[in-house]
Amino acid sequence: MLSRARILGLLFWFLASPAYAQQQQNSPSDIVKRGEYLARAGDCIACHTAPEGRVFAGGRAMPTPFGTLYSSNITPDRDTGIGKWTTEDFYKAMHTGRFPDGGLMYPAMPFASYTKVTQADSAAIFAYLKSIPPVSQKNREHDLRFPYSNRQLILGWRTLFFSEGEYKPDPSKSAEWNRGAYLVEGLGHCGMCHSPINALGGTSQSDAFKGGLIPMQNWYAPSLTSNREAGLGDWSLKDIADLLKTGVSARGVVYGPMAEVVHNSLQYLIDEDTNAMAVYLKSIAEPASRPPSASATLPTTESSLLVSLGKTVYDARCASCHGVQGEGKPPHWPPLANNQSIEMESAVNAIRMVLNGGYPPGTEGNPRPYGMPPFAGLLSDNEVAAVVSYIRTAWGNRGAPVSARDANELRSAPLN
């Protein structure tokens, strides 16, 4: 039997949820405004706007291991967009991954997450999309290899990896936790990157949020459950919320694809929502514990030489910002000592940061971000491997050294 406090908590979640709020708003402009907020939370602009293209007009290339997909036009143009769709059609697309005529959508459209979105929230997003300027731009045909160009194969994928159904609040959890789960599992579709993707392009539910390499982008999205990777079990709620909202916190900084997510989406969420996401994310992380020492992947002599060279490179190129002992200068220059993201089994992100540099996103909370310069043109493969190996093994860090070959393979990785 539920306690009175838990019942009141669930009632609060229902009353505070956008679905209920939308039902209480009679003004169409209020619904549109709510829909704009939810579209931000879902980061719709990231996929449905091509570089230098019109907003939501589609055409963005999305390389996959199976070929290239191109995002669709979701402006209200009647001939090339969704102008002829109904509210029910849009909900069907979000909830079931099917077009109004019943055709199957490729799962690059994250309907496996969006199925959790309530019908009222879906209606608000559709109302917003109907309010934006229409753009006449035909959808580009996908360029997929055979047999992946046969949409009927998606039926098999759906059987294995898709479970249809709106989010159901957990009565044993708080209202804040349920709101965070709704955003992380649903609109935020965080599992699309932070879960391992198998050869079929799917993720089993048991592996949700356990981290994985983002296909074709060569960035590693760390596990949100393992303290050996993202390490959120040892983070404060404020540090998690700060990272989501501003891109920087006392414990870390976001770069790469996550910087784009913060810039386009998370920075616009109200504090109550980012705090709720932090509550949920911390709850699914393991209790804090130091990761075990990584197994060496290089011969002892080679790794010793790399670490020795790495200290020289680090002192010359990195210490002025990150500190002689890797202590950093938070929040702008993150600490490297005792940093789980440095110690992960995958060294992809650390190597890419040395090669390509980068900036955290410009946000209201961090409008003038401090960046890291690229060293690809200044350091050889041996020097890149050396400094990354040094950082991963110095100051008590327990990562494994990396090789010059690892560095060389990532020199050609795409920058976007």
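Okay, so let's go over this structure.

Conventions used here
- Residues numbered from 1 in each chain as written.
- Predicted model: local features only at pLDDT ≥ 70, side-chain atom pairs only at ≥ 80, totals over all residues.
- Heavy atoms only, no water.
- Helix = DSSP H or I, 4+ residues; strand = E, 2+ residues; numbered from the N terminus.
- Core = buried A, V, L, I, M, F, W, Y, C linked by side-chain atoms within 4.5 Å.
- Buried < 20%, exposed > 50% of the residue type's maximum accessible area, 1.4 Å probe, protein only.
- Polar contact = N/O pair within 3.5 Å; in protein donor to acceptor, adjacent residues only side chain to side chain.
- Salt bridge = Lys/Arg side-chain N within 4 Å of Asp/Glu carboxyl O.

A few words now on the environment of Pro-28. Note on placement: Pro-28 falls in helix H3 (residues 28–41). With 99 residues separating them in the primary sequence, Pro-28 and Ala-127 have C-alpha atoms 8.2 Å apart.

Another aspect to go through is the nonpolar core. Phe-90, Ile-125, Leu-129 and Leu-232 are the most contacted members of the largest nonpolar core, which has 54 residues in total. Ranked by residue count, the leading element in this core is helix H9 (residues 175–187), at six residues.

Our focus in this paragraph is the environment of Ser-341. Mapping Ser-341 onto the fold places it in helix H16 (residues 340–343). Between the alpha carbons of Ser-341 and Gly-399 there is a distance of 9.6 Å; along the sequence they are 58 residues apart. Within the local environment of Ser-341, its side chain forms a polar contact with the side chain of Asn-339, the two groups lying 2.6 Å apart.

Let's shift gears to the environment of Ser-380. On the secondary structure map, Ser-380 appears in the loop between helix H17 (348–356) and helix H18 (381–393). With relative accessibility at 35%, the residue Ser-380 sits in the partly exposed group. Spatially, the C-alpha atom of Ser-380 lies 8.8 Å from that of Asn-408, the residues being 28 residues apart in sequence.

With that out of the way, let us pick up the pattern of salt bridges. Side chains bearing opposite charge may pair, as long as their charged atoms lie close to each other. If you walk through the whole model with that rule in mind, you get 10 salt bridges. The partner of Glu-185 in a salt bridge is Lys-116, with the nearest N and O atoms 3.7 Å apart. In this pair, Glu-185 is assigned in helix H9 and Lys-116 in the loop between helix H6 (111–114) and helix H7 (119–131), connecting sequence segments 69 residues apart. Given the relative accessible area of 21%, Glu-185 is considered partly exposed. Close ionic contact of Arg-411 with Asp-381 constitutes a salt bridge, the shortest N to O distance being 2.4 Å. Here Asp-381 lies in helix H18 and Arg-411 lies in the segment after helix H19 (404–409), a separation of 30 residues in the sequence. Given a relative accessible area of 30%, Arg-411 falls into the partly exposed group.

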